[in-house]
Every structure is written in C-alpha cells, then in structure tokens.
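Letter by letter, the chains look like this.
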Amino acid sequence: MWEDWKQAWRDAVENFRRELAGDDGASDSRTRAMHRDVMAVRGALQKLDSEIRRTRREADGERENEQVCRRREQMALAVNDEETARIAVEFATRHAERASVLTRKVEVLEAERGLLARDIESMEKVLAEQPAAPRTIDDRPVRDILEEEEVEARDFGRLEREERERAAQERLEELKRKMR
C-alpha cells in the first residue's frame, strides 16, 4: 500500500510537470489534466495523513504494552518468580523496540508529508498562474463534468463492493448446500 500511493504521488507530480512543460498557455486540456494531477496528489496526502495516524496509534499501543510488561515484571519480582520476570522483561524489550521503530516511521512519514505538501503548494501556484479554463466543455459546464467523474468513481467503488458482497453470498450459499 505504501509503495502504491507513493508511486501515485510521483506519477501525479511527474504528469503535472510534463503537462506544464508542454503547455503553451492555450491548452485547456492540459490545464484540466493539471487539475486532476493536483487532486491525485491531494489524495496521496490524505492517505499519508491516515498512515501517520495509524502508525502513531500502533506506537502508542506498543508503549502501553511495554508498560504492562514492566508492571508484570515488578509483580513477578515481588513474589520471587524469576522466570515470569525474565519473560516480562523480554516482551517489554520487544514492545519498546517496536515503539521505537514506529516512532521513527512516523518521523519519516511526517518528513514525506512535508515534501508532498510543498509539491502541492508549488503545483497549485503554477496552476493559479495558468489562463482560466473554459467554463464549458462540449457546451457543458466544467463543474458538471467534474461532478460526473466523481459520481463515476463513487459508482465504481459501489459496484466493486456489491460484486464482493455478491461473491461472498454465493460462497455462503455453496457452503450451506455442502453442509446439508
């Protein structure tokens, strides 16, 4: 997943730059393509934000688990149970290591987010300098076309979800027939 969104980000930025380099200021399709690229990069930014939040939660969970193990160690030492104390220390160490790795991962993700945010900012600045796109395409408002694209994307997601549900229902029915 990480590599997928990262590649999508790189592709969108590269497409934006390619469109910009080939744009003589008169091409409305290039401006629309640049808008789409900005939106793709924004989507990558949202995914990155989600990944940062998820990784932080994991790191917090590992720190909590480490503390639980440290308390277990202390309780085991209080009753002279050396084996349990040793195991608790081992697990506490593992949780501490995982928390450390996840903390570093958050730092890297935040640095990556900074790069992405700067890319979006520069792309939007360049896009703002482009001549205004026409208000219509094939006698249809641009807003209507963009809304149609969003609806199509939502419909595609809904269709995929319905297909998965239908396939799961078919598997369930097949299992029920086998059980009879």
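See above for the structure.
Scope of this entry: the structure provided in the associated data block.

For the rest of this paragraph, the subject is the overall build of the chain. Helix and strand counts for the chain stand at 4 helices and 2 strands. From first element to last, N terminus to C terminus, the chain shows the α and β order α-α-α-β-β-α. Within the chain, the fraction of its 180 residues that count as buried is 26%. Contacts in the chain between residues at least 24 apart in sequence constitute 74% of all its contacts with a sequence separation of at least 6. Approximately 12800 Å² of the chain is accessible, and the part contributed by carbon and sulfur atoms is 51%.

Residues Val-41, Leu-48, Ile-52, Leu-116 and Ile-120 are the most contacted members of the largest nonpolar core, which totals 14 residues. Secondary structure elements with two or more residues in this core: helix H2 (28-78) and helix H3 (82-129). With near-sequence residues (within four places) excluded, Ile-120 lies in contact with Val-41, Arg-42 and Leu-45.

The phi dihedral of Asn-80 is positive, around 60°, even though this residue is not glycine. Here Asn-80 is to be found in the loop between H2 and H3.

For the rest of this paragraph, the subject is the side chain of Glu-66. Structurally, the position occupied by Glu-66 is in helix H2. Leave out the neighbours within four places in its chain, and Glu-66 touches Ala-92, His-95 and Ala-96.

Another point: the pattern of salt bridges. Tallied over the full model, the rule gives 13 salt bridges. For the salt bridge of Arg-42 with Glu-124, the shortest nitrogen-to-oxygen distance reads 1.8 Å. With Arg-42 in helix H2 and Glu-124 in helix H3, the pair connects residues that are 82 residues apart, well separated along the chain. Taking relative accessible area as the criterion, Arg-42 reaches 38% and is therefore assigned partly exposed. Across the pair Arg-177 and Glu-174 runs a salt bridge whose closest N-O atoms are separated by 2.6 Å. With a gap of 3 residues between them, Arg-177 and Glu-174 both fall in helix H4 (residues 142-179), about one helical turn apart. On the accessibility criterion, Arg-177 (48% relative accessible area) is partly exposed.

Looking at the element boundaries, Glu-58 is found in helix H2. When its relative accessible area of 34% is taken as the criterion, Glu-58 is described as partly exposed. Separated by 45 residues in the primary sequence, Glu-58 and Thr-103 place their C-alpha atoms 9.2 Å from one another.

The rules behind each value
- Residues numbered from 1 in each chain as written.
- Predicted model: local features only at pLDDT ≥ 70, side-chain atom pairs only at ≥ 80, totals over all residues.
- Heavy atoms only, no water.
- Helix = DSSP H or I, 4+ residues; strand = E, 2+ residues; numbered from the N terminus.
- Buried < 20%, exposed > 50% of the residue type's maximum accessible area, 1.4 Å probe, protein only.
- Contact = heavy atoms within 4.5 Å.
- Areas by Shrake-Rupley, 256 points an atom, 1.4 Å probe, with all protein chains shown as cover.
- Core = buried A, V, L, I, M, F, W, Y, C linked by side-chain atoms within 4.5 Å.
- Salt bridge = Lys/Arg side-chain N within 4 Å of Asp/Glu carboxyl O.

In short, the description is geometric, and any link to function would need to be established separately.
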